[in-house]
Each structure stands twice: as C-alpha cells, then as structure tokens.
Amino acid sequence: MNTDKTQNSNASMHELRKLLFEKESARIDKLESILLNQGLHAQEVAKVLAEAVELRNRSDEELSIALAPTIEKSIQASIARDPQALSNALFPVMGPTIRKSIASTLAAMLQSLNQTLEHSFSKQGFLWRIEAVKTGKSFAEVVLLNTLIYRVEQVFLIHRETGVLLHHLSSDPTHTEDADVVSSMLTAVQDFIRDSFAGSTDQNIETLSMGDVQVLIEQGPDVVLAVVCRGNSPRTLHETMQVAIEDIQQNFVDELTAFDGDTEAFIATDEKLSPLLIADYKNKTEEKKSPLKAILFVALMFAIIFSWWAWHQIEISQTNTQWQSYLERLKAEPGIIVTGISDNDDVETITGLRDPLSQDPKALLAEYQLQNKNIHFEFEPYHALQPALILKRVSRLIQPPKSVELLLEDQTLLIRGVASEVWLTQAEQAALYVAGVESIDSTGLSILSSSFEQKQTHFPIKMDALPVKPKKNIIRKEEPKKKVVVTDAVILQRAISLLKPPTTVQMVYAKGILYVSGKASASWIDFAKHNFSKVEGIDSFYTSNLTNQGTKP
Amino acid sequence: MIQKKICILGAAGVGKTSLTAQFVFSKFSEKYLSSMGVKIDRKTVDVDGKQVNLMLWDIHGEEKYKKIPTSYLRGASGIMMVIDGTRPATLEMAQEILQRVETELGTIPHIYLLNKSDLTDAWSINDDDMQMLKNTGNPVFLTSAKTGDNVEASFLHLATALVTA
Ligand SMILES: Nc1nc2c(ncn2[C@@H]2O[C@H](COP(=O)(O)OP(=O)(O)OP(=O)(O)O)[C@@H](O)[C@H]2O)c(=O)[nH]1
Ligand SMILES: [Mg+2]
C-alpha cells in the first residue's frame, strides 16, 4: 500500500536523523531553554552589564541620554517617598556650598556699604551725589569711580596674526558684546600705526589712552594681550601681563601653532588671565580706623525712622480726634440723627435719619480735615421738629421777603418786619401746613399799602408745589384749634389795604364782621363783596349803611 | 566658536562697503562714502550646523596713490575680490592686487564678485573676461549689493570653503 510505504520511509528517516544529529539536537534543546528562560537571561546580562555600560559610555553619550528620564523619575519617587533620605545624602555637599555663597555675597555687600558710608557724609560725598544725578550713574558707582586708583575692566587675548579674539574677560559681564570686533580693530589700529609711523616692524604700541581709560598692550610671538584699565595703572601691570603671555605661549604651544579659527581651546586661559582683573581703591586703610561714622550713620537712620514713625502716630491720633469731634458735631446738628457708625475695611459707614433741610454731612467733613477719609453715608430722610428746621421749612414754603424776620416761640410763628398784605395772607395760610407750627403771630409786621393790581399778580407761593399735598389737606381739616392771633386793628388794616376803599367809605371791624358805610361805586361794592373773605378774620360783610354812588341821579 | 578673518578687497567704489552692509545689516544706500582705512564687522553664519564667526575687514579701495597695505591682510583666511561690472578697469586692478598679495603673503583662498549686476545697461564685462576669471579656478559670483542678489550666497560659499578646507 502506498500509505504503508510512506509510513515506513518516515520512520526510517526519523531513525536516520537520530543517528546523525543526536548530539546536535540535544545542544539545540539546551540553547532553546537558555533563550526562553527569562531568569537565565538576567543572569547572563548581569555578568556583562557593568562592562557594557562602560563600553557604551566610552563611545557616545546615548546611554546617559536614555537613562536621564528614568533617573529623574526615580529621584522624584524617592523624594516623594521620603525627602529626608535625599536631603541626608546631599547635606555634606549643600552645607558648605550654601555657606560659601552666603559668605561671598555678604563680603561683597559689606565692601560696597563700607565704601558708600565712608563717602556719604563728607563734602566730597555731596559733590559726588551731584555728579551721580548729573551723569545718571548710581551714587555707589560714582564713589567707586572717584576712589578708584585703577581698575582693569577688560582683558583681551588676541591671536596676533589674525586679530581673532581667543579669550576675553570683563569685570562687568554685560560688557562682552563686541569684544571680537574690538579685538580685530585693535590689531588693525596697531597695523595702521606701525605702517604709518614706525620704522621697523619690531616696534609696537604699548599704550593707547583716551580720557582716564588706557589700553595696555603686550605682544607675544603668537598672541597679543590687551587690557583696558581705568585710572592710573600701576607700573607692575605691564610686567604681570608679560608673565601671563609667557605662561600662555608655553602652555598652549600646540593650540597656537594649529590655530585655524577655533577658539574653544583657549577658554582654558581663563585661569591665567583672571588675575589681571585687578583694582585698587583709595582710603582702604582709613576705613578700619573709624567705625564711629558707621555707628553715627546707623544711629541717624534709626532717629529718622523713629521720628517718621512718631509723626505718623501723631497724625493717626490727630485724625482720630478729628473724627470724634466730627461725629459729635454730626450728632448735635439739628435735623440729623445718627443711629449707627461702623468701620469696615477702612470705610466708615454712618447710618441714621436726616432732614433734607439740615446741614450736609459731607460738606462738614472739610471743617475737620477729613475730606480724604473714606466715609459712606446712609441717611433716611425725615422731617425734624427742631425749631431751626421748622423755621427753615416754613421759610422755604412762604418765601418771606428780605424785610421779614421769622421766629418760632413755643410753636407760634412770629412774623416781624414789613411785608405786603397779599404775601401775609397767603403766608399765614401756608405756614399752618407745616408741622410744628400751631399758631401765627404777625403783630410785629407792618403792612405795606399795596396797590390793587398787586392782588392780581400771581402769588409767589405755589400752593400746588407744596410737598405731600394730600397730607396737608387732612391736617387742615382737623385744625380748628389753630388760631392766628391778630388784633381787630390789624384785620381792619388788612381789609383796607386789600379792598382799597374810596375816601367816601368808612370801615369798622368787630368780631368777624366788617361794617362798611358811606358812598361807593357799584363796581367797588361788587369787588368788595367778592373779596372781603380773603382777609383772614372777616367772616361777614355788613353793607346796609353803604349807598351806591351810581344810583344817584 | 570658529572665527575666520575675511578681507574684502577691490578698486575704489566697486561696492565693498555696500556688499558688507547688505550682508551684515541687510541695508543698502545709493550714497557713496569713500572708505578710509578699515572697518571691521562681525557676522555669525551656520556652516553644516557649526557656528562660524566671520570677521569682515572692509578695507579702503585700491587707488594709484593709495595702495592697500598688505599688513591688513595678515592672518586673513579668505579674500572677497570685488569687481565693478560696469568698469572693466576694476578687473585689471583686482588682478594687480591679487598679484601683490601673492608675492607678499602667499596664496590666500579667494572668490571673485562681479558686482552691480543690477546695472544691466551699463554692464561691460564680456564673456571672454568672465571665462578668463573662471579659468583661474576660483569661484565667480554675479552680485548686486543693491538688490541683495547672490550676496549671502557668495559669503556663505567662501565661509564653507574655509571651514571644510
Ligand atoms: N546699482 C548698484 N550700485 C551699487 C552696488 N554696489 C554699490 N553700489 C554703489 O556704488 C557706490 C560705491 O559703493 P561702496 O560700497 O561705497 O564702494 P566701496 O568699494 O566700498 O568704495 P571705497 O570704500 O571707496 O573703496 C555707492 O554709491 C553704492 O551705492 C550695486 O550692486 N548696484
Ligand atoms: Mg568702502
């Protein structure tokens, strides 16, 4: 059978494989188990890990870059878990670093304070202060410049042949911008001057100067050293520079001979050049002699601060007493009732009642120098019954002419002076509307004899415009007790001035009745009949003794 | 940082100052202010991702009685030789200057700028002259300080040549 055959050959094939590859198959099984077993992997990797890391680090930075995030995370995790552990680990490093930084900051501060103090109170110091204002520099800077004997502000290390700036130092780190152009320019100027004036090429410029700034130049075979110095540079500076050049020439032989424009290698000259950034100031030794000045200064500062504080306190208490007397005044003011004062975030709130005719509390502030105080008023309007305000209200209502004086005595309104009949008539009626006026006494008033036409003119008091009119009407109804105290003579007088009787007529008044006798025209009689009631106190008009002139034939 | 000193040379009025101003400040002025001595400017360019600081020495133009002092050229890494395309005489002057530099300082890498290419009507450098310049093996650029044409390209070309050399 065909299938038998295949089965047979399969079996023999298997047999053959076994014979031929038994060893190999065992090895493959072993290798497979190694490859698939994670635990074994770790063991294998552990054997070579350290070496692998070292090898990789030697060739490039990739490993550090790859590990950075992991390390950052684990540090974060460690701090989150227990900050103490990391701070303990860092403590030995941090302590000295912080101490050192604080010490150097303090030293620098003390140095400049000393210098500034030293010169703050002298006449010289005063002049410098003016100079500072004029030049726009800070006082400390002016002091520094004036006490300066010299200061090296910049150091240029220049490649002699190309004029390329190899390294640059500055006492003021903000002044480094165009150092490379300056450096090129310096060589160009050197070349130019040498070409134009000097005979041989060995001669070099040693100093350029401008004002109190000097540029000192020293030449080496491959480098030029230039320093910018303010003030009188010491003689020794040239020597110091020369020493630095020799040092650099010796230590950078290879870099200089192979120079192709790359200045990287010359950052290392920093160490040789930084000692050139020196400065010297006047009065250094004197400073120690007189701590007195500093003490005086500090004492003075304290005195100034204290007096400022004391003055401020006085000012505060002054404001307080002003405020108290303002409140007293406000409480005493007629027509103002203070019900509460509260202080909230520097805003004083005054609540209460206020008659619209009373003194304006805001206007009063100025009297107590309190204009700038933050005050909020919350007054509800009301009608005050103090005599002063009743009078005010009355006078607003009846608008007395200048010739009239109003007084209030025990709820009686006294009207004095001179006024017209018309005004008085209406004033009397209106005044009784005002709460607090119970009666009116106008005996002290002389009546002006007014013309007939005047009666027609509009009454100055606009009754319609009276405030809260309905209320007034009610009061009017229930005020029979209110009585105007007017003598008979006055009533008669008023009747005469209002009715303007012709000379042919005589009038007598008694107990509410006006008796008229004599002769008069029909029109006058008619007029009188219609108008007599306008005079307060006249209830009836008695004319039986009056004859009509016109009826006479 | 790599620094390279580059000198801009040529006859008077060919546009040396204008080319430098165009390259460094992107500015151009029709006004002609004849240079005296040397003016140095700096421009940092990027060559293959590397920062290169070019110190540009704009030196006064060569005239019969006002030769360019070779001391200014000491340490120069490269020269931009500027020729005014409207004045053939400035081409001869360029050859003369290069000759003198060669004898006094040795060969310095240089490129030719045929400047004022915007003035096509007045252009008077013919093809033979052009070919002659190209035959020296040094790059030749047609530039205009006025329009800025090829200015940046020529400076960058020289910078690249100096750094990769
Ligand atoms: N139309 C045009 N005018 C130019 C161009 N380049 C320069 N000029 C003009 O040419 C004149 C001289 O230019 P400069 O750049 O001062 O020439 P220079 O070579 O520096 O001259 P010197 O310093 O005297 O040697 C100026 O008026 C420029 O405006 C240009 O490409 N096209
Ligand atoms: Mg010029």
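Everything numeric here is computed off the predicted structure, so don't read it as measured data.

The rules behind each value
- Residues numbered from 1 in each chain as written.
- Chains lettered and ligands numbered in written order.
- Predicted model: local features only at pLDDT ≥ 70, side-chain atom pairs only at ≥ 80, totals over all residues.
- Heavy atoms only, no water.
- Helix = DSSP H or I, 4+ residues; strand = E, 2+ residues; numbered from the N terminus.
- Buried < 20%, exposed > 50% of the residue type's maximum accessible area, 1.4 Å probe, protein only.
- Contact = heavy atoms within 4.5 Å.
- Areas by Shrake-Rupley, 256 points an atom, 1.4 Å probe, with all protein chains shown as cover.
- pLDDT = per-residue confidence, 0-100.
- Donors = N, O, S within 2.8 Å, 3.2 Å for Na, K, Ca; no water.
- Pairing = 2+ DSSP bridges.
- Axes fitted to C-alpha atoms, helices over the stretch in contact; angles between N-to-C directions.
- Right-handed = clockwise from strand over helix to strand, strands pointing away.
- Patch = residues over 30% accessible without salt bridge, like charges linked within 9 Å, V, L, I, M, F, W, Y side chains within 5 Å.
- Salt bridge = Lys/Arg side-chain N within 4 Å of Asp/Glu carboxyl O.
- Near = heavy atom within 4 Å.
- Nonpolar A, V, L, I, M, F, W, Y, C, P; charged D, E, K, R; others polar.
- Buried area = accessible area lost by both parts, 1.4 Å probe.
- Polar contact = N/O pair within 3.5 Å; in protein donor to acceptor, adjacent residues only side chain to side chain.
- Expected span 1.5 Å × (residues − 1).
- Phe/Tyr/Trp six-rings, centres within 6.5 Å; stacked < 30°, edge-to-face > 60°.
- Lys NZ or Arg CZ within 6 Å of the ring centre and 35° of its normal.

Peer 1: Pulling in residues and values, what's your account of the overall build of chain B?
Peer 2: Counting its secondary structure elements, chain B contains four helices and six strands. Across chain B, helices and strands are ordered from the amino to the carboxyl terminus as β-α-β-β-β-α-β-α-β-α. Each of the 165 residues in chain B was classed as buried or not, and the buried ones make up 50%. Look at the contacts in chain B between residues 6 or more apart in sequence, and 71% of them connect residues 24 or more apart. Of the accessible surface of chain B, which amounts to about 7700 Å², a share of 52% is contributed by carbon and sulfur atoms.

Peer 1: Which residues make up the overall build of chain A, and what are the values?
Peer 2: The number of helices and strands found in chain A is 19 helices and 17 strands. Residues classed as buried in chain A amount to 31% of the 553 residues present. A sequence separation of at least 24 residues applies to 59% of the contacts in chain A between residues at least 6 apart. Total accessible area on chain A stands at roughly 35800 Å², and carbon and sulfur atoms take up 58% of it.

Peer 1: So, the confidence of the model for chain B: which residues are in play, and what are the values?
Peer 2: In the predicted model, chain B carries a mean pLDDT of 92, and the fraction of residues at 70 or more is 100%. Predicted as a complex, the structure gets a pTM of 0.46 and an ipTM equal to 0.73.

Peer 1: An account of the coordination of the magnesium ion (ligand 2) is needed here, citing residue identities and associated values.
Peer 2: Protein coordination of the magnesium ion (ligand 2) is provided by B:Thr17 (OG1) and B:Ser35 (OG), with donor distances spanning 1.9 to 2.1 Å. With B:Thr17 in helix H1 (residues 16-25) and B:Ser35 in the loop between H1 and strand S2 (38-47), the pair connects residues that are 18 residues apart, well separated along the chain.

Peer 1: Describe the sheet that holds strand S8 (residues 347-354) of chain A, with residues and values.
Peer 2: Residue and element names in this part refer to chain A. The mixed open sheet is built from three strands, whose spatial order is S7-S8-S9. Single-partner strands in this sheet number two, and they are strand S7 (336-344) and strand S9 (375-381). Strand-to-strand twist of the sheet, defined as the mean angle between neighbouring strand axes without regard to direction, takes the value 15°. Pairing between S8 and S9: seven bridges, direction parallel. By the bridge assignment for S9, Arg354 is matched with Pro381.

Peer 1: Explain the pairing of strand S17 (residues 540-548) of chain A to me, using residue names and the numbers behind them.
Peer 2: All names here are of chain A. For strand S16 (residues 513-520) and S17, the ladder comprises seven bridges, and the chain directions are parallel. Within the sheet, the bridge partner assigned to Ala520 lies in S17 and is Asn548. The parallel pair S16 and S17 is bridged by helix H19 (residues 522-531), and the resulting crossover is right-handed.

Peer 1: Summarise a nonpolar patch on the surface; cite the residues concerned and give the values.
Peer 2: Nonpolar side chains collect at one region of the surface, where A:Met13, A:Leu16, A:Leu20 and A:Phe21 lie side by side and expose about 420 Å² of accessible area between them. Note that A:Leu16 resides in helix H1 (residues 2-36).

Peer 1: Got a sec to walk through the pattern of salt bridges? Specific residues and values, please.
Peer 2: Should their charged atoms come close, side chains of opposite charge can pair. All names here are of chain A. Going through the model one piece at a time under the given rule, you end up with 17 salt bridges over all chains. A salt bridge links Arg56 to Asp60; the nearest nitrogen and oxygen atoms lie 3.1 Å apart. For Arg56, a relative accessible area of 37% translates into the label partly exposed. Under the relative-accessibility criterion, Asp60 is labelled partly exposed at 29%. In this structure, a network of salt bridges that share partners links the residues Arg151, Glu153, Asp212 and Arg230.

Peer 1: Hey, could you go over the site of ligand 1 for me, with residue numbers and the actual values?
Peer 2: Residue and element names in this part refer to chain B. For ligand 1, the set of nearby residues contains 22 residues, the closest of which are Thr17, Ser18, Glu30, Tyr32 and Asp118. Calculation on ligand 1 without its partners gives an accessible area of 650 Å², and the protein chains cover 94% of this total. Here the residues of the shell around ligand 1 sort into six nonpolar, ten polar and six charged.

Peer 1: So, the interface of chain B and chain A: which residues are in play, and what are the values?
Peer 2: If you look at the interface, chain B gives 17 residues, while chain A gives 22 residues. Across the chain B/chain A interface, buried area totals approximately 1600 Å², and carbon plus sulfur atoms make up 46% of it. Across the chain B-chain A interface, the total number found is one salt bridge. In this structure, the connection of chain B to chain A is made through seven residue pairs in polar contact (both at pLDDT 80 or more). Among the elements of the structure, strand S1 (2-10), S2 and strand S3 (50-59) of chain B are those that each provide at least two residues to the side of chain B that touches chain A. In terms of residue class, the side of chain B that touches chain A is made up of eight nonpolar, four polar and five charged.

Peer 1: Go over helix H18 (residues 488-499) of chain A, please, and point to the residues and values.
Peer 2: Residue and element names in this part refer to chain A. End to end, H18 covers 16 Å across twelve residues, agreeing with the expected 16 Å (1.5 Å per residue, within 8%). Listed in full, the buried residues belonging to H18 are Ile491, Arg494, Ala495, Ser497, Leu498 and Leu499. Backbone geometry just downstream of H18 places Lys500 in the positive-phi region, at approximately 50°.

Peer 1: Residues and numbers for the packing of aromatic side chains, please.
Peer 2: According to the stated counting rule, one finds nine aromatic pairs over all chains in the structure shown. Seen from their ring centres, A:Trp323 and A:Tyr326 are 5.9 Å apart, and the 20° between their planes marks the pair as stacked. Remark: A:Tyr326 and A:Trp323 occur in helix H12 (residues 291-332); sequence separation between them is three residues, near one turn of the helix. Exposure class is identical for A:Trp323 and A:Tyr326. Each is buried. Seen from their ring centres, A:Phe377 and A:Phe379 are 6.1 Å apart, and the 20° between their planes marks the pair as stacked. You can call A:Phe377 buried: its relative accessible area is 15%. An aromatic cluster is present here, built from A:Phe252, A:Phe259 and A:Phe266 joined pairwise through their rings. Over the face of the ring belonging to B:Trp57 we find B:Lys5, whose NZ or CZ atom lies 3.6 Å from the ring centre. Here B:Lys43 stacks its cationic end above the ring of B:Phe23, 4.8 Å away from the centre of that ring.

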